Amino acid sequence: MRAAIKYLVVCLWCTMASAACLGQSITGTVTDSLGKKVGFASITLKSGNVILAYTTTSDKGLYTLAIPADAAKTGLSVEVSCVGFKKQSRALTDLTTPVNFKLSAGSKLLNEVTIKNSRPHLKVSGDTLSYKASDFSSPQDRVIGDVIKKLPGVTVANDGKISYNGKAITTVNIGGDNLLDDKYNIATNSIPNKAVDQVQILENNQPIKALKDKVVSDDVAMNLTFKPEAKVHMVGQESVGAGVPGKYDLDLNAMAFKDKYKAINYLKGNNTGYDVKYDLTSFNMSSYLSRLDNDKPNTVLSLGTAGDPDLPRNRYLFNQSGIINLNNLYHLKKDVTVKANLSYLHDTQNQTYEKLTELYSTNGTIRYSELQQNKRQPDLFHSQITLNENKDKYYLNNTFIADYNHNTATSGLKTNGVSAGQVFKDNAFDVSNEFNLIYTTKSNKIYELYSYLNYMSEPETRSIEPGLTPILFNKGVAYSNLLQTTNIPTWFTNNYVSYKIPTDFFTQSYKVGFSVQSQTLQSSLDAVQYNNSITATSDSSINNLDWNRTKLYAGASYDIPGKKLKMTIDLPLSLQLLSYSDGLYKLDRSVNRLYFNPRVSGKYQTGIENYISYGYSFRNDIGNIQDVYHGYILKNYRSLSTNNADLTERQTQNASLGFNYRKAITLFFFGVNAGYTHSVANNISSSVVTPTLTQRIVLSFENGYDSWQISSSISKYNFSLRTTFSAGAAWQTTRSNQIQNGIILPYNTVATTLNGGVESKVSDKVNFSYKAYLTQTTSKSSAVTTSSKVEQLQQQGAINYAPLNNLFFKLSGDHYFSHQNQGNDLKYFFADASAKYKLNKIKTDLELVANNLFDTRTYSALYLSANTFTSNTYTIPGRLFILKASFNL
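Residues numbered from 1 in each chain as written. Predicted model: local features only at pLDDT ≥ 70, side-chain atom pairs only at ≥ 80, totals over all residues. Heavy atoms only, no water.

Q: Please explain the overall build of the protein as it appears in this structure.
A: Regarding its fold elements, the protein presents seven helices and 51 strands. The principal-axis extent of the C-alpha atoms belonging to the protein is close to 100 × 65 × 60 Å. Residues classed as buried in the protein amount to 50% of the 889 residues present. Taking the intrachain contacts of the protein between residues at least 6 apart in sequence as the baseline, contacts between residues at least 24 apart amount to 64%. About 40,300 Å² of surface is accessible on the protein, with carbon and sulfur atoms providing 56% of the total. Within the protein, the 70 negative side-chain charges are centred at a point lying 6 Å from the centre of the 89 positive side-chain charges. (Helix = DSSP H or I, 4+ residues; strand = E, 2+ residues; numbered from the N terminus. Buried < 20%, exposed > 50% of the residue type's maximum accessible area, 1.4 Å probe, protein only. Contact = heavy atoms within 4.5 Å. Areas by Shrake-Rupley, 256 points an atom, 1.4 Å probe, with all protein chains shown as cover. Lys, Arg positive; Asp, Glu negative; His and termini not counted. Charge placed at Lys NZ, Arg CZ, Asp CG, Glu CD.)

Below, the structure written as structure tokens:
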């Protein structure tokens with residue numbers, strides 16, 4: 001396996017090297033009108049309008065331009081362009097004489113570089129990189145997401161998350177409009193690829209016009225531009241399907257991409273394993289909550305301890321799902337929009353799994369097993385109304401969001417030979433309003449007013465019948481069921497005003513504000529007797545904890561939005577006033593802390609297309625209400641938690657350094673990033689583990705955490721092969737501590753990942769793709785003699801063949817291999833096939849799909865973290881066939 005990977009890497013590099021074999025060279029210098037050297041100017045060699053070669057000047061204004069060996073030596077010209085200077089061009093008459101340029105001052109904008117011949121079209125203009133969608137699409141592609149996966153420099157994760165040159169995309173704009181925020185799966189899984197003209201990457205994206213070129217942004221966004229015919233008429237793809245055993249698939253949609261009106265509206269339903277909830281994935285939720293400084297409480301209870309397998313979700317999901325999703329944006333007038341995002345989802349999901357867990361300690365290995373048959377029925381409502389006015393001197397945004405999630409789940413449980421049934425109900429309500437106003441005065445000073453208000457509540461109830469472990473929960477007497485309830489109603493508000501002073505070189509910003517969080521943690525663990533009476537399981541099984549946190553903050557930040565150097569320095573100071581109390585445990589404490597959390601980040605442009613990124617932050621964090629409750633909470637059937645320590649306080653330092661390289665003319669992308677995290681907390685979680693129960697308690701203990709990580713990625717399009725080659729590597733080592741059964745266990749976990757891929761358009765009739773991921777995870781402790789290692793290899797491949805213009809075949813497969821040094825190897829292979837026939841006259845497609853051809857019905861997965869090894873075996877759907885009819889509007 002390793003030899004094969006080495007061979008793949010060698011082939012990749014050889015292919016890239018072959019594209020760079022060139023012949024003669026010409027040299028020269030580039031200066032300005034005063035004779036000063038001009039660095040990082042773009043130099044292109046042309047034959048007519050066709051670009052043959054490309055380079056940039058050094059920081060001393062020197063360049064060497066290689067002439068392709070097969071290029072004609074007549075009719076050539078050399079062209080130079082640079083930001084701030086007028087473009088110049090000279091005919092190349094003598095290959096031995098230096099070609100020097102003296103530039104005169106001109107526009108500050110970066111001139112466009114366009115490649116137009118038989119090769120894929122690529123355009124670079126400033127911070128915008130544009131891919132021509134048709135250059136990378138195939139006849140079998142249905143939606144624009146199928147094309148985005150093939151773009152050089154772009155990667156798409158299994159859940160749909162898009163990254164460009166290693167950095168996550170923040171949003172996908174629709175014709176320049178932010179219709180979907182960060183829920184861009186709605187677009188990539190719905191918009192027909194033939195409607196899209198260009199896929200644009202927007203680096204250093206600052207969407208607020210009033211802050212453009214004043215406040216630094218390192219965000220990367222994507223924008224889809226549309227063909228003229230798609231901007232005039234409604235666009236839609238309607239699909240209905242039925243199959244065996246008892247399968248159905250429905251997708252009805254209507255879309256508009258007009259200048260003044262954007263819409264993506266659809267109705268979907270299926271029981272084929274496609275999880276429609278993926279469309280609602282918010283990829284930037286953690287950064288969004290961090291920006292709001294809103295520490296929302298997490299769901300407390302669950303049915304069991306096993307997660308989902310490391311398979312594409314359609315491989316293991318038993319579902320009966322439906323969703324209606326309405327997304328509409330209107331331009332009321334120039335630069336003023338209103339949008340509404342409404343959705344309702346209902347699903348019924350079934351899951352059956354077996355789990356074996358091993359925990360390694362100084363006292364030996366503890367093992368326990370469980371078998372669960374779960375049924376979940378979520379109902380999710382989402383509504384969002386946004387008013388936005390985005391002008392050069394004025395910005396107004398108001399967003400109102402209301403969410404209601406109703407979840408009901410049941411479980412048949414068997415653990416260590418003991419059977420029980422579980423019922424879990426969870427009703428979450430979350431409503432918020434965010435207001436932001438930015439105003440620029442005539443003297444170019446910028447004022448900002450911000451206000452955010454949020455209320456949420458999530459009552460949770462879980463019952464286990466018959467009652468578990470009577471000796472622990474009911475004084476040794478058998479009882480009917482064990483009932484756990486929790487709720488953490490929360491009010492939160494954050495408000496500030498800021499003042500910005502832009503200059504030619506940097507922008508000063510000063511901010512002052514406050515936030516308030518008010519919460520109550522209510523919980524009860526009760527035993528329901530056979531006569532239906534309810535008694536508390538103990539004096540320590542109830543919580544009624546009040547929590548109030550007030551934060552007063554002020555800060556200064558400095559932005560340098562230069563062409564070569566971009567930097568942001570944040571110097572925030574905050575005073576946190578915190579109090580919490582619970583009369584049941586005579587708990588009444590106050591904590592006041594003054595924190596300084598500096599941060600610096602930025603980029604240094606080493607060339608027109610290359611830059612170094614860097615960052616450092618020091619942050620003080622204080623815990624939340626879920627760190628300080630004293631009454632026991634049974635989070636799942638075998639995890640009993642409480643706290644016996646002061647509020648968690650943590651200091652974290654993060655440092656990062658990266659280098660990104662891009663050569664647009666050859667579609668070559670490379671990036672490498674390194675990071676280090678050091679964290680120290682005053683508390684640690686201690687566990688007492690037995691085969692029947694895990695009791696967790698938070699104790700006062702200085703707890704350190706260190707993590708080093710490095711990752712790299714490379715992507716190259718080979719024009720002669722019409723193929724994109726990609727590869728990546730990542731390494732991370734983490735040192736952490738645990739206290740288990742009274743023993744301190746320091747652990748070191750090392751994870752290494754290698755990946756490679758090929759996307760090839762062999763011809764107009766044939767294309768194929770291949771991806772491979774190799775991961776190795778090891779974990780060991782100086783306090784335990786044994787160590788564990790898990791190795792996993794995942795491979796995915798697909799081939800498409802179109803013998804006729806209206807007939808298409810596809811064959812795809814996934815291979816999974818797992819090795820653990822204390823168990824047997826696990827090997828799985830899945831195969832799918834499809835055939836599509838187009839009835840062009842009536843704009844209709846007929847498609848026959850067969851999934852899981854080998855009828856694999858169980859899947860086992862191995863997981864390793866610190867001193868815990870788990871083996872999960874899942875029941876998955878077998879073979880299915882479905883016939884679809886699709887109609888294009």
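Q: Mind showing me how you'd approach the sheet that holds strand β1 (residues 25-32) here?
A: Strand pairing within a sheet occurs via backbone hydrogen bonds; the two strands may be parallel or antiparallel. Pairing is mixed in the open sheet, where three strands are placed in the order β4-β1-β7. Two strands lie at the open edges of the sheet, namely β4 (62-66) and β7 (101-103), each paired on one side alone. Across the sheet, the mean angle from the axis of one strand to that of its neighbour is 30 degrees, orientation sign disregarded. Note that β1 and β4 share five bridges and pair antiparallel. Each bridged residue has a counterpart across the sheet, and for G28 the counterpart in β4 is Y63. (Pairing = 2+ DSSP bridges. Axes fitted to C-alpha atoms, helices over the stretch in contact; angles between N-to-C directions.)

Q: What's the story with the sheet that holds strand β2 (residues 42-47) in this structure? I'm lost.
A: If you walk across this open sheet you meet the four strands as β3-β2-β5-β6, and the pairing is antiparallel. Each of the sheet's edge strands pairs with one partner strand only, and the pair in question is β3 (50-56) and β6 (88-91). Here the average twist between neighbouring strands, direction ignored, is 20 degrees. Of the strand pairs in this sheet, β2 and strand β5 (residues 76-81) are connected by six bridges, and their pairing is antiparallel. Paired with S42 across the two strands is S81, which belongs to β5.

Q: It is not clear to me how the pattern of salt bridges should be interpreted in this structure. Could you clarify?
A: A side chain with one charge may pair with a side chain of the opposite charge, provided their charged atoms come close. As enumerated under the stated definition, the model contains 30 salt bridges in all. A salt bridge links K231 to D259, with the nearest nitrogen and oxygen atoms 3.4 Å apart. Linking K231 in the loop between β15 (220-226) and β16 (237-244) with D259 in the loop between β17 (247-257) and β18 (261-270), this pair joins segments that are 28 residues apart in sequence. Overall, the relative accessible area of 34% leaves K231 in the partly exposed class. (Salt bridge = Lys/Arg side-chain N within 4 Å of Asp/Glu carboxyl O.)

Q: Even after reading the chapter, I still don't get the environment of F881, so can you show me in this structure?
A: Checked against the element boundaries, F881 lands in strand β51 (residues 880-888). The class for F881 is partly exposed, based on a relative accessible area of 36%. Through-space distance from the C-alpha of F881 to that of R376 is 25 Å; in sequence the pair is 505 residues apart. Apart from residues no more than four positions distant in its own chain, F881 is found in contact with G243, V244, V849 and A850.

Q: How should the confidence of the model for the protein be read in this particular structure?
A: The predicted coordinates of low-pLDDT regions are not to be read in fine detail. Here the protein averages 88 in pLDDT, while 94% of its residues score no lower than 70. Residue range residues 1-23 is modelled with pLDDT below 50. Its contacts to residues more than four positions away, or to other chains, number 26 contacts. Below a pLDDT of 50 lies the segment residues 107-116, which in the model reaches 29 contacts outside its immediate sequence neighbourhood of four places, other chains included. (pLDDT = per-residue confidence, 0-100.)

Q: Quick question: what am I supposed to make of the environment of H233 here?
A: Along the chain, H233 turns up in the loop between β15 and β16. As a C-alpha pair, H233 and V497 span 264 residues in sequence and 44 Å in three-dimensional space.

Q: Explain a nonpolar patch on the surface to me, please; I cannot follow it from the model alone.
A: A contiguous nonpolar patch, built from V240, L252, L267, I324, L326, L342, I385, F400 and F887 and spanning about 670 Å² of accessible area, is present on the exposed surface. Assignment of secondary structure puts I324 in strand β20 (residues 321-333). Looking at I324, the relative accessible area reads 38%, which means it is partly exposed. (Patch = residues over 30% accessible without salt bridge, like charges linked within 9 Å, V, L, I, M, F, W, Y side chains within 5 Å.)

Q: Which parts of the structure should I look at to understand the nonpolar core?
A: Inside soluble globular proteins, nonpolar side chains tend to come together where they are buried. Core analysis: the largest hydrophobic core is formed by 49 residues, its most contacted members being Y131, I191 and I264. For this core, the element with the most residues is β15, which contributes four residues. Excluding anything up to four places from it in sequence, I191 contacts R142, V143, I144, I174, V196, L224, F226, M255, F257 and I264. (Core = buried A, V, L, I, M, F, W, Y, C linked by side-chain atoms within 4.5 Å.)

Q: How do you make sense of the packing of aromatic side chains when you look at a structure like this?
A: What characterises a pair of aromatic rings is the spacing of the ring centres plus the angle enclosed by the ring planes. Considering all chains together, one arrives at 22 aromatic pairs under this definition. Plain terms: the ring middles of Y816 and Y859 are 5.9 Å apart, the flat faces sit at 75 degrees to each other, and that makes the pair edge-to-face. Residue Y816 is located in strand β46 (residues 807-820), and its partner Y859 is located in strand β49 (residues 858-865); the two are separated by 43 residues in the primary sequence. Overall, Y816 belongs to the buried group, its relative accessible area being 3%. Sitting over the ring of Y266, K268 keeps its end group 4.6 Å from the ring centre. Taking the ring centre of Y611 as reference, the NZ or CZ of K603 above it sits at 4.4 Å. (Phe/Tyr/Trp six-rings, centres within 6.5 Å; stacked < 30°, edge-to-face > 60°. Lys NZ or Arg CZ within 6 Å of the ring centre and 35° of its normal.)

Q: What is the right way to read the pairing of strand β43 (residues 743-760) from this model?
A: Along any regular strand the residues' side chains alternate between the sheet's two faces. Across 18 bridges, strand β42 (residues 723-740) lies against β43 in antiparallel orientation. Residue T724 lies in a different strand from β43, and its bridge partner there is E759. As paired strands, β43 and strand β44 (residues 766-781) are joined by 14 bridges and run antiparallel to one another. Bridge pairing in β44 links N755 to Y773.

Q: Help me understand the pairing of strand β10 (residues 128-132) in this model?
A: Note: strand β9 (residues 122-125) against β10, four bridges, orientation antiparallel. By the bridge assignment for β10, V124 is matched with L129. A loop of two residues connects β9 with β10, the two strands running antiparallel in sequence, and G126 in this loop sits at a positive phi of about 65 degrees. Note: β10 against strand β14 (residues 196-202), five bridges, orientation antiparallel. From the neighbouring strand, L129 faces β14, where its bridge partner is I201.

Q: So what exactly am I meant to see when it comes to unusual backbone geometry here?
A: Phi is mostly negative for residues that are not glycine, and the peptide bonds are mostly trans. The omega torsion of the bond from V244 to P245 falls at 0 degrees, within 30 degrees of zero and hence cis. The topology assignment puts P245 in the loop between β16 and β17. Put simply, E465 and P466 share a cis peptide bond, and its omega is -5 degrees. Looking at the secondary structure, you find P466 in the loop between β27 (460-465) and α7 (470-473). Non-glycine residue N165 carries a positive phi angle of around 50 degrees. Examined against the element boundaries, N165 turns out to sit in the loop between β12 (162-164) and β13 (167-174). For N444, which is not a glycine, the phi torsion comes out positive at approximately 75 degrees.

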